[in-house]
Amino acid sequence: LLGIDADKMYSEYSKQISGEVDLTNMPRRFEGTGSARLQRLRSLQNGNIAAWCYEYGAPLEFAIDFTVFNPIEEAEVGYAVFSLTGTELIGATTFQEHALERLDPGQYTMRVTIPDAGLNPGTYVLALGIAMPGRSVDNILEAAQIEILPSQLSIDKGLNRVWSAMTPRTVFEIKRT
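Colleague: Before we go on, may I ask you to explain the side chain of Glu61 in this structure?
Modeller: Relative to the assigned elements, Glu61 resides in strand E4 (residues 60-68). Note on Glu61: relative accessible area 19%, which makes it buried. In this structure the side chain of Glu61 is engaged in a polar contact, spanning 3.0 Å, whose partner is the side chain of Arg111.

Colleague: Please explain the packing of aromatic side chains as it appears in this structure.
Modeller: The geometry of an aromatic ring pair is captured by the separation of the ring centres together with the interplanar angle, meaning the angle of the planes. Under the counting rule described, the total for this entry stands at two aromatic pairs. Here the aromatic rings of Phe66 and Tyr108 are separated by 5.4 Å at their centres, their planes lie at 10°, and the arrangement is stacked. With Phe66 in strand E4 and Tyr108 in strand E9 (residues 106-114), this pair connects stretches of sequence that are 42 residues apart. The exposure class of Tyr108 is partly exposed, given its relative accessible area of 25%.

Colleague: In this structure, what is going on with the environment of Leu38? I would like to understand it.
Modeller: Turning to its location among the elements, Leu38 is positioned in strand E2 (residues 36-43). Owing to a relative accessible area of 0%, Leu38 belongs among the buried residues under this scheme. Distance from Leu38 to Met26, taken between C-alpha atoms, is 9.5 Å for residues 12 residues apart in sequence. Once you skip the residues sitting within four places of it in the chain, Leu38 turns out to touch Leu23, Thr24, Arg28, Ile64, Asp65, Phe66, Leu128, Gly129, Ile130, Asp138, Asn139 and Ile140.

Colleague: What exactly am I supposed to notice about the side chain of Asp138 here?
Modeller: Checked against the element boundaries, Asp138 lands in strand E11 (residues 135-149). When its relative accessible area of 0% is taken as the criterion, Asp138 is described as buried. Reaching out from Asp138, the side chain makes a polar contact with the side chain of Arg28 at a distance of 2.7 Å.

Colleague: Got a minute to help me understand the nonpolar core in this structure?
Modeller: Counting 39 residues, the largest nonpolar core has Leu41, Trp52, Phe62 and Leu128 as the members making the most contacts within it. Looking at this core, the elements that each hand over two or more residues are E2, E4, strand E6 (76-83), E9, strand E10 (122-132) and E11. Looking at which element gives the most residues to this core, the answer is E11, with six residues. With residues near it in sequence (within four places) discarded, Leu128 still touches Leu23, Leu38, Leu41, Phe62, Ile64, Gly78, Tyr79, Asp138, Asn139, Ile140 and Ala143.

Colleague: What is the right way to read the pattern of salt bridges from this model?
Modeller: Close approach of charged atoms allows side chains with opposite charge to pair. The tally for this structure, following the rule as stated, stands at seven salt bridges. The closest approach of N and O atoms between Glu20 and Arg40, which form a salt bridge, is 3.2 Å. Pair noted here: Glu20 is in strand E1 (residues 20-22) and Arg40 is in strand E2, with a separation of 20 residues, a long-range link. Judged by relative accessible area, which is 29%, Arg40 ranks as partly exposed. Put simply, Arg102 and Glu73 hold a salt bridge, and the shortest N to O gap is 2.3 Å. In this pair, Arg102 sits in strand E8 (residues 102-103) while Glu73 sits in strand E5 (residues 72-73), placing the two residues 29 residues apart along the sequence. By relative accessible area, which is 41% here, Arg102 ends up partly exposed.

What counts and what doesn't
- Residues numbered from 1 in each chain as written.
- Predicted model: local features only at pLDDT ≥ 70, side-chain atom pairs only at ≥ 80, totals over all residues.
- Heavy atoms only, no water.
- Helix = DSSP H or I, 4+ residues; strand = E, 2+ residues; numbered from the N terminus.
- Buried < 20%, exposed > 50% of the residue type's maximum accessible area, 1.4 Å probe, protein only.
- Polar contact = N/O pair within 3.5 Å; in protein donor to acceptor, adjacent residues only side chain to side chain.
- Phe/Tyr/Trp six-rings, centres within 6.5 Å; stacked < 30°, edge-to-face > 60°.
- Contact = heavy atoms within 4.5 Å.
- Core = buried A, V, L, I, M, F, W, Y, C linked by side-chain atoms within 4.5 Å.
- Salt bridge = Lys/Arg side-chain N within 4 Å of Asp/Glu carboxyl O.

Everything listed here is a matter of geometry and, on its own, says nothing about what the molecule does.
Set out below in structure tokens:
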């Protein structure tokens, strides 16, 4: 009636609740080289909270399943977290922690843990990618929507009074002159 595809909305909602997202047919930012394909994304949040919801201060944890069809030299697998308005807030690839020399053809599962994402309570979008020097192999800009929930720590820090996505530790010094 209102131009809303209820089946699509329910399907998306079900994926978020289950914590598992089938990436095989999701829109790609770039088609890439075809050397690998992101297949599945799973939330590893193990608390009493719904999948893709993380309390402020808790690590973000997820697993990425992908298939490599052709050898990839100097491969990088990475993630980025965007605001709902499309601003990239944080991101990293395997290059920053443990450079991959080569990915040979086969099925892979990569567990990703972000111990301190530094994101304030709010809603964000998780993007995933596989790359090689100078080229995108596979890239999904909207793999999952994640929610950072308020916690006692965020309340104690007064983050409910801040509208920014991140609040770094800051030293303020004031002197009356």
